[in-house]
Amino acid sequence: DAGVTQSPTHLIKTRGQQVTLRCSPKSGHDTVSWYQQALGQGPQFIFQYYEEEERQRGNFPDRFSGHQFPNYSSELNVNALLLGDSALYLCASSLAAGANYGYTFGSGTRLTVV
Amino acid sequence: EDQVTQSPEALRLQEGESSSLNCSYTVSGLRGLFWYRQDPGKGPEFLFTLYSAGEEKEKERLKATLTKKESFLHITAPKPEDSATYLCAHLDRGNQFYFGTGTSLTVIP
């Protein structure tokens, strides 16, 4: 049973560029959440997708956007990259947007902005 | 505003030296207190969820407990492979995790 799969694992981008990160949820899960984890910090909530719609959003600017596809996979897009966007981006999947159990995290995408 | 605070920031233990990690929380409505283990460069790995004060859960050398304001992760006779960062988080009514900054545990052989 595959867990949460994220791609790519590492990425280097130049300031001002745009980036797309991808996430395939655990089999049977239909909800995807994205988190940003800066070095030495805990993960911070970006947004959550369920039924192809953004259901909840954390305190992140509009430069951060996402999408969920009919197969429940998801993308995170970041426009106009800043040096401060360098972080580990984590995807977590769960069954049903209202669940308080069963959240599974992927291994993340390490984004470096230079 | 909901907050989760973990202490200590870092902990070094000799192999076999038991200790506890602390997670204090201020939330408007607890839907679950989660403990995760995170190895360097990896995603968090689920350990426990606690839902109500007085609840306890165990897994190998780890035991998690919950009060109305705090959760503790007790590590009994740790081994070097227990070295990792341990994250505490609560899930709010908006299905958003609030994470602490973690405790970095190093177990020395």
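A brief structural summary. (Residues numbered from 1 in each chain as written. Chains lettered and ligands numbered in written order. Predicted model: local features only at pLDDT ≥ 70, side-chain atom pairs only at ≥ 80, totals over all residues. Heavy atoms only, no water.)

As for the pairing of strand 3 (residues 19-24) of chain A
Residue and element names in this part refer to chain A.
- Note: strand 1 (residues 5-7) against strand 3, three bridges, orientation antiparallel. When the sheet's bridge partners are listed, Thr 5 is paired in strand 3 with Ser 24.
- As paired strands, strand 3 and strand 8 (residues 74-78) are joined by five bridges and run antiparallel to one another. Paired with Cys 23 across the two strands is Ser 74, which belongs to strand 8. (Pairing = 2+ DSSP bridges. Helix = DSSP H or I, 4+ residues; strand = E, 2+ residues; numbered from the N terminus.)

Describing the environment of Lys68(B)
Residue and element names in this part refer to chain B.
- Within the fold, Lys 68 resides in the loop between strand 7 (62-66) and strand 8 (70-75).
- Overall, Lys 68 belongs to the exposed group, its relative accessible area being 71%.
- What Lys 68 contacts, discounting residues up to four positions off in sequence, is Tyr 25 and Ala 53. (Buried < 20%, exposed > 50% of the residue type's maximum accessible area, 1.4 Å probe, protein only. Contact = heavy atoms within 4.5 Å.)

Looking at the state of the cysteines
Residues and elements named next belong to chain A.
- Scanning all chains against the criterion turns up two disulfides over all chains.
- The disulfide partner of Cys 23 is Cys 91, and the S-S distance across this bridge is 1.8 Å. Around the S-S axis, the bridge from Cys 23 to Cys 91 shows a dihedral of about -60° and counts as left-handed. With Cys 23 in strand 3 and Cys 91 in strand 9 (residues 87-94), this residue pair connects regions lying 68 residues apart in the sequence. (Disulfide = S-S within 2.5 Å.)

Focus: the interface of chain B and chain A
- Between chain B and chain A, the residue contacts involve 20 residues of the former and 21 residues of the latter.
- Counting each side, the surface lost to burial between chain B and chain A is near 1600 Å², with a carbon and sulfur contribution of 52%.
- Counting the surface chain B buries against chain A, the share from its top three residues, Asn95(B), Phe97(B) and Phe99(B), is 28%.
- Connecting chain B to chain A are zero salt bridges.
- Taken together, the connections running from chain B to chain A amount to three residue pairs in polar contact (both at pLDDT 80 or more). (Buried area = accessible area lost by both parts, 1.4 Å probe. Salt bridge = Lys/Arg side-chain N within 4 Å of Asp/Glu carboxyl O. Polar contact = N/O pair within 3.5 Å; in protein donor to acceptor, adjacent residues only side chain to side chain.)

Some details on the packing of aromatic side chains
- By the definition in use, this model includes 18 aromatic pairs over all chains.
- The interplanar angle of 90° and the centroid separation of 6.1 Å between the aromatic rings of Tyr36(B) and Phe97(B) together place this pair among those described as edge-to-face. Here Tyr36(B) is found in strand 4 (residues 33-38), whereas its partner Phe97(B) is found in strand 10 (residues 97-99), with 61 residues between them in sequence.
- Residue Tyr36(B) is classed as buried on the basis of its relative accessible area of 0%.
- Residue Phe97(B) is classed as buried on the basis of its relative accessible area of 2%.
- Taken together, the ring pairs in this structure connect Tyr35(A), Phe45(A), Tyr103(A), Phe105(A), Phe34(B), Tyr36(B), Phe46(B), Phe97(B) and Phe99(B) into an aromatic cluster. (Phe/Tyr/Trp six-rings, centres within 6.5 Å; stacked < 30°, edge-to-face > 60°.)

Overview of the sheet that holds strand 3 (residues 19-26) of chain B
All names here are of chain B.
- The strand order across the open sheet built from five strands is 1-3-8-7-6, with neighbouring strands paired in antiparallel fashion. What marks the edges here is a single partner per strand, and that holds for strand 1 (3-7) and strand 6 (56-59). Here the average twist between neighbouring strands, direction ignored, is 15°.
- Here strand 3 runs beside strand 8; their pairing, made up of six bridges, is antiparallel. From the neighbouring strand, Asn 22 faces strand 8, where its bridge partner is Phe 72. (Axes fitted to C-alpha atoms, helices over the stretch in contact; angles between N-to-C directions.)

Quick look at the nonpolar core
- The biggest cluster of nonpolar side chains holds 21 residues, and the ones touching the most others in it are Trp35(B), Leu73(B) and Tyr86(B).
- At the level of elements, strand 2 (10-14), strand 3, strand 4, strand 5 (45-50), strand 7, strand 8, strand 9 (84-91) and strand 11 (103-108) of chain B are the ones that each hand at least two residues to this core.
- With sequence-adjacent residues up to four places away left out, Tyr86(B) is seen in contact with Gln6(B), Leu21(B), Trp35(B), Tyr36(B), Arg37(B), Leu47(B), Leu62(B), Leu73(B), Gly102(B), Thr103(B) and Leu105(B).
- Val4(A), Val19(A), Phe60(A) and Tyr89(A) belong to the second-largest nonpolar core, a separate cluster that totals 20 residues. (Core = buried A, V, L, I, M, F, W, Y, C linked by side-chain atoms within 4.5 Å.)

With respect to the pairing of strand 6 of chain B
All names here are of chain B.
- With four bridges joining them, strand 6 and strand 7 adopt antiparallel strand pairing. Opposite Lys 59, over in strand 7, you have Leu 62 as the bridge partner.
- Connecting strand 6 to the antiparallel partner strand 7 that follows it, the hairpin turn spans two residues, and Glu 60 within it adopts a positive phi of roughly 55°.

Structural notes on the side chain of Thr103(B)
Residues and elements named next belong to chain B.
- The topology assignment puts Thr 103 in strand 11.
- Of the polar contacts made by the side chain of Thr 103, one reaches the backbone oxygen of Pro 8; its length is 2.6 Å.
- Look past the residues within four positions of Thr 103 in its chain and what remains in contact with it is Gln 6, Ser 7, Pro 8, Glu 9, Leu 11, Leu 21, Ala 84, Thr 85 and Tyr 86.

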